[in-house]
Amino acid sequence: MVVYRRGNRRSVLILLFVTSITLITLDVRGSGPITGARGVAHDVVAPIATVADKVFSPVGDWVGGVTRAGTLKDENSRLRKELDELRGKAAQNRAFESENEELSKLLDLPYTEDSDAIAARVVSGSPGNFEWTVQIDRGTSDGVAEGMAVVTGAGLVGRIVEASGDRATALLLRDPKSGVAVVTESARTTGVAQGRTGESTLRLDFVDPTANVDEGELVFTSGRDNSRFPPSIPVARVEKVAKKRGELQQDIVLAPLVDLDSLEFVKVLRSPTTPAAPTEPATGEEAPTP
Amino acid sequence: MTWLVRLKLAALVLTTVVLQTTLFPDLRLFGVAPDLVLVATIAVAYRVGPETGAVYGFASGLVIDLFLQTPLGLSALSFAVVAYGIGILHTGLSRTPRFIAAMLGGAGGLAGGLIFVVLAALAGEDQVIAFRTIWVLVLAAVYDALLAVPMFPVARWAVGSTGAETPAIRGARST
């Protein structure tokens, strides 16, 4: 039988409270040992998680299929149409691509295709409800490091925020902590594509209020100001532009080109502009503090 | 508390963390995942009382914190406080109401979520300050209530007869 003493109870709670506050403070300030502890935890759990993932992924796929059955049918027919259009455009783009590569070399600009890519499989999503991340099955032993860009064939997915030996965590574009320096397709106006809490769309901030941004046009990574992302990676499509008279900011909503809800395989870019193991956040890539 | 019970509780932490990080990200309802580790904490605290429950909650919260991008210690503190509250509440119960698992799972899940959000906001995690948070907390609490039903027998197995001697447990044992 456990006999409770009020003083003893309180002292345990106070001790746990003080320890938690100390840990929170250390982590917010960016303590090295805590980052290391996270990496160790990922590596320890990785073998068990791999087995568990193999066992549970059919269950997850089945539930996903059932809950999204209606939208999947519409999506399928829409994607077939888009595929036909894109096949035509791809043939056309080949000529432009080689021309662009030659011109970029002449100007000594880093080119996305120069990037050394690491193919990875998405093993799980975020375990929490207040962050939008995915975990991939490649880590520092494969050359993955913090800050590297993550892409699919359709465009930018996000960036690596944590890497352990065999696993890495990528922060998705839609996470409010994610901010990507971008440039618009036609007017070449720069801005920051910013994630929004609970929304599947992004917001384009810090855009010149006089700039002409049209609905439907694409935005690409700008690659400027020591950006971690190589230039010209497609990021999103402009979904909505609202410009009210007298306001200094345009209200621009972007739809990511990549379906961030159903990622299976991604590529991690070891960009020629990206340092191997960055220690400081790059200018213009972090979400601006309000 | 025997070493066997401690071993079982450690296994429970590991199992719930693995399930939370591998299975439940794919089992979201309307984009919301339950908090299995918190549900296990509630179930354990119900059996072992406030003091040991708070320690279990702190330990399990700390482990799940290692897999989140929010500051380390946020889940640990919120789980410890919820476990302490559940333990205090339970020691005061003279009889066990029906559907106690679902009720405590839902209420504890909501309280744990609220404490987490408040602490996260204080720690500068602005993404939690949104209208969607209310929806997330309520839906996650409903999900937690459902998961608590199978989790309570698991906690009873893990803790065995080591649990806190509360009026409700004494009453259940005598009948």
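The structure reproduced in this document is the subject of the present report.

The rules we used
- Residues numbered from 1 in each chain as written.
- Chains lettered and ligands numbered in written order.
- Predicted model: local features only at pLDDT ≥ 70, side-chain atom pairs only at ≥ 80, totals over all residues.
- Heavy atoms only, no water.
- Helix = DSSP H or I, 4+ residues; strand = E, 2+ residues; numbered from the N terminus.
- Buried < 20%, exposed > 50% of the residue type's maximum accessible area, 1.4 Å probe, protein only.
- Contact = heavy atoms within 4.5 Å.
- Areas by Shrake-Rupley, 256 points an atom, 1.4 Å probe, with all protein chains shown as cover.
- Phe/Tyr/Trp six-rings, centres within 6.5 Å; stacked < 30°, edge-to-face > 60°.
- Lys NZ or Arg CZ within 6 Å of the ring centre and 35° of its normal.
- Buried area = accessible area lost by both parts, 1.4 Å probe.
- Salt bridge = Lys/Arg side-chain N within 4 Å of Asp/Glu carboxyl O.
- Core = buried A, V, L, I, M, F, W, Y, C linked by side-chain atoms within 4.5 Å.
- Expected span 1.5 Å × (residues − 1).
- Pairing = 2+ DSSP bridges.
- Axes fitted to C-alpha atoms, helices over the stretch in contact; angles between N-to-C directions.
- Left-handed = near helix turned anticlockwise from the far one by under 90°.
- Nonpolar A, V, L, I, M, F, W, Y, C, P; charged D, E, K, R; others polar.

Broken down by element type, chain A carries three helices and 12 strands. The proportion of buried residues among the 290 residues of chain A is 43%. Taking all contacts inside chain A whose residues are at least 6 apart in sequence as the whole, residues at least 24 apart take part in 59%. When the accessible surface of chain A is totalled, it reaches about 16100 Å², and 54% of it is carbon and sulfur.

On to unusual backbone geometry. For A:Ser232, which is not a glycine, the phi torsion comes out positive at approximately 70°. Looking at the secondary structure, you find A:Ser232 in the loop between β9 (218-221) and β10 (234-242). Phi angles above zero are rare outside glycine, and B:Phe30 is one such case at about 55°. For B:Phe30, the position within the fold is in the loop between α1 (3-22) and α2 (36-48). A residue is classified by how much of its surface remains accessible, and B:Phe30, at 69% relative accessible area, is exposed.

With that out of the way, let us pick up the packing of aromatic side chains. One pass over the structure, following the stated rule, counts three aromatic pairs over all chains. On the numbers, 6.1 Å between centres and 20° between planes, the contact of A:Phe130 with B:Phe116 is stacked. Linking A:Phe130 in the loop between β1 (116-125) and β2 (133-136) with B:Phe116 in helix α5 (residues 100-122), this pair reaches from one chain into another. Look at A:Phe130 and you get buried, because its relative accessible area is 9%. Between the aromatic rings of B:Tyr46 and B:Phe152, the centroid separation amounts to 5.3 Å while the plane-to-plane angle is 50°, which identifies the pairing as tilted. On the criterion of sequence distance, the pair formed by B:Tyr46 in helix α2 and B:Phe152 in helix α6 (residues 132-159) is long-range, its members being 106 residues apart. No difference in accessibility class separates B:Tyr46 from B:Phe152, as the two residues are buried. Seen from the ring of B:Trp157, B:Lys8 lies directly overhead, with NZ or CZ sitting 4.7 Å from the centre.

As a further point, take the interface of chain A and chain B. The interface of chain A with chain B comprises 49 residues on the first partner and 56 residues on the second. Where chain A abuts chain B, roughly 4500 Å² becomes buried across the two surfaces, and 68% of that area is made up of carbon and sulfur atoms. For the pair chain A and chain B, the number of links is one salt bridge. Taking the shortest distance from any N to any O, the salt bridge between B:Glu125 and A:Lys177 comes out at 2.9 Å.

Let us look at the side chain of A:Ser164. Assignment of secondary structure puts A:Ser164 in the loop between β4 (155-163) and β5 (168-172). When neighbours within four sequence positions are excluded, A:Ser164 is seen to be in contact with A:Gly39, A:His42, A:Asp43, A:Gly139 and A:Thr140.

Ranked by size, the top nonpolar core spans 54 residues in total, and within it B:Val44 and B:Phe152 carry the most contacts. Those elements that place two or more of their residues in this core are α1 (6-28) and α2 (32-67) of chain A together with α1, α2, α3 (50-65), α4 (74-91), α5 and α6 of chain B. Sorting elements by how many residues they give to this core places α2(B) first, with 11 residues. If near-sequence neighbours (up to four positions away) are discounted, B:Phe152 is found in contact with B:Ile42, B:Ala43, B:Tyr46, B:Ala101 and B:Leu104. Listed in part, the 41 residues of the second largest apolar core include A:Leu173, A:Val207, A:Val235 and A:Val266.

For the rest of this paragraph, the subject is the environment of A:Val219. Residue and element names in this part refer to chain A. In this structure, Val219 sits in strand β9. Taking the C-alpha atoms as reference points, Val219 and Ala168, 51 residues apart in sequence, are found 27 Å from one another. Discounting chain neighbours no more than four positions away, the residues touching Val219 are Val182, Val183, Thr184, Ile233, Pro234, Val235, Ala236, Val238 and Leu254.

Given 3.6 residues per helical turn, the α-helix brings residues three or four places apart onto the same face. For α1(B), which comprises 20 residues, the first-to-last C-alpha distance of 28 Å matches the rise-based estimate of 28 Å (1.5 Å per residue) to within 8%. Turning to α1(B), its buried residues number three or more, namely B:Val5, B:Leu9, B:Leu12, B:Val13, B:Thr16, B:Val17, B:Val18, B:Gln20, B:Thr21 and B:Thr22.

Residue and element names in this part refer to chain A. Strand order around the closed barrel formed by six strands is β6-β7-β8-β11-β10-β9, with antiparallel pairing between neighbours. In this sheet, neighbouring strand axes are inclined to one another by 40° on average, regardless of whether the strands run parallel or antiparallel. Pairing of β10 with strand β11 (residues 251-256), which is carried by six bridges, proceeds in the antiparallel orientation. The residue bridging Ala242 from the neighbouring strand is Asp251, located in β11.

All names here are of chain B. As a packed pair, α4 and α5 sit with axes 9 Å apart at the nearest point and diverge in direction by 145°. In this structure, the crossing between α4 and α5 has a hand that is right-handed. Where α4 abuts α5, its residues Leu74, Ser75, Leu77, Ser78, Val81, Val82, Ile86 and Leu89 lie against Leu104, Gly108, Ala111, Gly112, Ile115, Phe116, Leu119 and Ala120. A per-class count over the contact of α4 with α5 returns 12 nonpolar, four polar and no charged.

Below, the discussion takes up the pairing of β2(A). Residue and element names in this part refer to chain A. Side chains Thr133 and Gln135 of β2 all project onto a buried face; the interleaved residues Val134 and Ile136 project onto the opposite face, where all are buried too. Summarising the sheet, β1 and β2 pair through three bridges and their orientation is antiparallel. Bridged to Ser124 within β2 is Gln135. For β2 and β5, the ladder comprises four bridges, and the chain directions are antiparallel. Along β5, the bridge assignment pairs Ile136 with Ala168.

Turning our attention to the pairing of β9(A). All names here are of chain A. For strand β6 (residues 179-184) and β9, the ladder comprises three bridges, and the chain directions are antiparallel. Each bridged residue has a counterpart across the sheet, and for Thr184 the counterpart in β9 is Val219. Note that β9 and β10 share three bridges and pair antiparallel. Bridge pairing links Val219 to Ala236 in β10.

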